[in-house]
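Okay, here's what each chain looks like letter by letter:
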Amino acid sequence: MRQYIFTFLAPLFLSLASLPATAVECFVTVKSYDELKDGMKCLIVRRSGNANTVMGKYADGTNFPGVGVPDIQAYSHDIVEYNPATMSMLTLHKTESVTAENNWYFTDQDGKFLSVVSSSNTYLKSVDAKSDFCYFLITVDTDSYYAKINSIKKKDYYIQYNNQAFSAYSSTRNPVNLFRKLGDYYLRRTAVGNFGTICL
């Protein structure tokens with residue numbers, strides 16, 4: 001039986017190996033708080049069904065748009081292929097305070113800071129200067145993998161997804177996940193019908 005299985009699969013492996021490779025950046029779901037590291041590259045993602053929605057680039061509005069993307073693999077939504085043209089890749093930073101064990105802040109690719117606002121509005125912005133409104137308490141649920149990104153200054157406000165946008169809400173909306181960068185990988189696609197994608 002094993003010989004027949006190998007005989008069946010061998011042509012598939014050979015065909016995948018012969019496909020052209022393209023360098024991409026892959027991000028995977030953060031599944032525990034221990035995975036969070038100072039300087040880590042990450043995405044904020046709404047995982048839902050067979051597709052993910054990633055926090056898009058800020059455009060001087062009151063929130064960050066959602067960018068819908070298909071799964072990198074047909075059988076998992078734990079992996080996202082980064083698109084630099086549309087997605088906000090953030091850098092996670094540990095706070096300077098030694099007493100702030102779970103406190104973090106984010107910067108974007110332009111060096112700006114992710115921030116809630118001082119009013120009661122649900123706005124989430126990218127700002128030039130770091131303030132108390134840029135600090136977040138982060139916890140990760142080890143069952144659902146949802147990341148609670150809670151404003152420290154506005155204690156009742158969490159980064160969530162709603163109406164095709166990411167913002168900071170005090171009431172329950174759609175929870176989000178953090179995805180961490182794995183590194184530069186090679187993406188190989190099947191030649192016929194784009195049957196699937198393999199991240200090697």
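Not measured: the values here are computed from a predicted model. (Residues numbered from 1 in each chain as written. Predicted model: local features only at pLDDT ≥ 70, side-chain atom pairs only at ≥ 80, totals over all residues. Heavy atoms only, no water.)

**Q** Please clarify how the overall build of the protein should be interpreted in this entry.
**A** Within the protein, the secondary structure is distributed over one helix and 15 strands. Out of the 200 residues belonging to the protein, those deemed buried represent 42%. Intrachain contacts of the protein at a sequence separation of at least 6 include 58% that bridge at least 24 residues. Accessible surface computed for the protein: about 11,100 Å², of which carbon and sulfur atoms make up 53%. (Helix = DSSP H or I, 4+ residues; strand = E, 2+ residues; numbered from the N terminus. Buried < 20%, exposed > 50% of the residue type's maximum accessible area, 1.4 Å probe, protein only. Contact = heavy atoms within 4.5 Å. Areas by Shrake-Rupley, 256 points an atom, 1.4 Å probe, with all protein chains shown as cover.)

**Q** Any chance you could explain the pairing of strand β2 (residues 41–48) here in plain terms?
**A** Regular strands have side chains that alternate between both faces of the sheet. Among the eight residues in β2, six count as buried, and that is most of the element. For β2 and strand β6 (residues 90–94), the ladder comprises two bridges, and the chain directions are antiparallel. Looking at the pairing, K41 lines up with T91 of β6. Pairing of β2 with strand β3 (residues 51–55) involves four bridges; the strand directions are antiparallel. (Pairing = 2+ DSSP bridges.)

**Q** Sorry if this is basic, but what is going on with the nonpolar core here?
**A** Nonpolar side chains tend toward joint burial in soluble globular proteins. Formed by 27 residues in total, the largest nonpolar core has its most connected members in I44, F106, I138, I149 and L178. Elements that contribute at least two residues to this core include exactly β2, β6, β7 (103–107), β8 (113–116), β10 (136–140), β11 (147–151), β12 (158–162) and β13 (165–169). Contacts of I149, omitting those with residues within four sequence positions, involve I44, F106, F136, L137, I138, Y157, Y158, I159, V176 and L178. (Core = buried A, V, L, I, M, F, W, Y, C linked by side-chain atoms within 4.5 Å.)

**Q** Which parts of the structure should I look at to understand the confidence of the model for the protein?
**A** As a general rule, the predicted coordinates of low-pLDDT regions are not to be interpreted in detail. Of all residues in the protein, 72% have pLDDT values of 70 or greater, and the mean over the chain is 80. Note on residues 2–20: pLDDT is under 50 here. Beyond four places in sequence and across chains, it has nine contacts. Low pLDDT, under 50, characterises residues 188–200; the predicted model gives this stretch 32 contacts beyond four residues in sequence or across chains. (pLDDT = per-residue confidence, 0-100.)

**Q** What is the right way to read the side chain of T29 from this model?
**A** With respect to the helices and strands, the residue T29 is situated in strand β1 (residues 22–29). There is a polar contact of 3.0 Å between the side chain of T29 and the side chain of D78. The residues touching T29, leaving out its near neighbours within four places in the chain, are E35, R47, H77, D78, Y145, N177, L178 and F179. (Polar contact = N/O pair within 3.5 Å; in protein donor to acceptor, adjacent residues only side chain to side chain.)

**Q** Help me out: how do you make sense of the packing of aromatic side chains in this one?
**A** Two aromatic rings, taken as a pair, are described by how far apart their centres are and by the angle between their planes. This structure, assessed with the given rule, holds seven aromatic pairs. Between F27 and Y82, the ring centres sit 5.8 Å apart and the planes meet at 55 degrees, which makes this aromatic pair tilted. Here F27, found in strand β1, pairs with Y82, found in the loop between β5 (79–81) and β6; they are 55 residues apart in sequence, far enough to count as distant. Look at F27 and you get buried, because its relative accessible area is 0%. Residue Y82 is classed as buried on the basis of its relative accessible area of 7%. Plain terms: the ring middles of Y105 and F113 are 6.0 Å apart, the flat faces sit at 45 degrees to each other, and that makes the pair tilted. (Phe/Tyr/Trp six-rings, centres within 6.5 Å; stacked < 30°, edge-to-face > 60°.)

**Q** Whenever I open this one, the pattern of salt bridges confuses me. Can you help?
**A** Side chains bearing opposite charge may pair, as long as their charged atoms lie close to each other. With the rule as written, the count across this model stands at five salt bridges. The partner of D78 in a salt bridge is K31, and the shortest N-O contact between them spans 3.8 Å. A residue pair is termed long-range when its members are at least 10 positions apart, and D78 in the loop between β4 (64–70) and β5 and K31 in the loop between β1 and β2 qualify at 47 residues. By relative accessible area, D78 is classed as partly exposed at 21%. Ionic pairing is found between R47 and D78, a salt bridge with its closest N-O pair at 2.6 Å. Of this pair, R47 sits in strand β2 while D78 is found in the loop between β4 and β5, placing the two residues 31 residues apart along the sequence. Of the residues examined, R47 reaches a relative accessible area of 15% and is grouped as buried. What you see here is one network of salt bridges that share partners, running through K31, R47 and D78. (Salt bridge = Lys/Arg side-chain N within 4 Å of Asp/Glu carboxyl O.)

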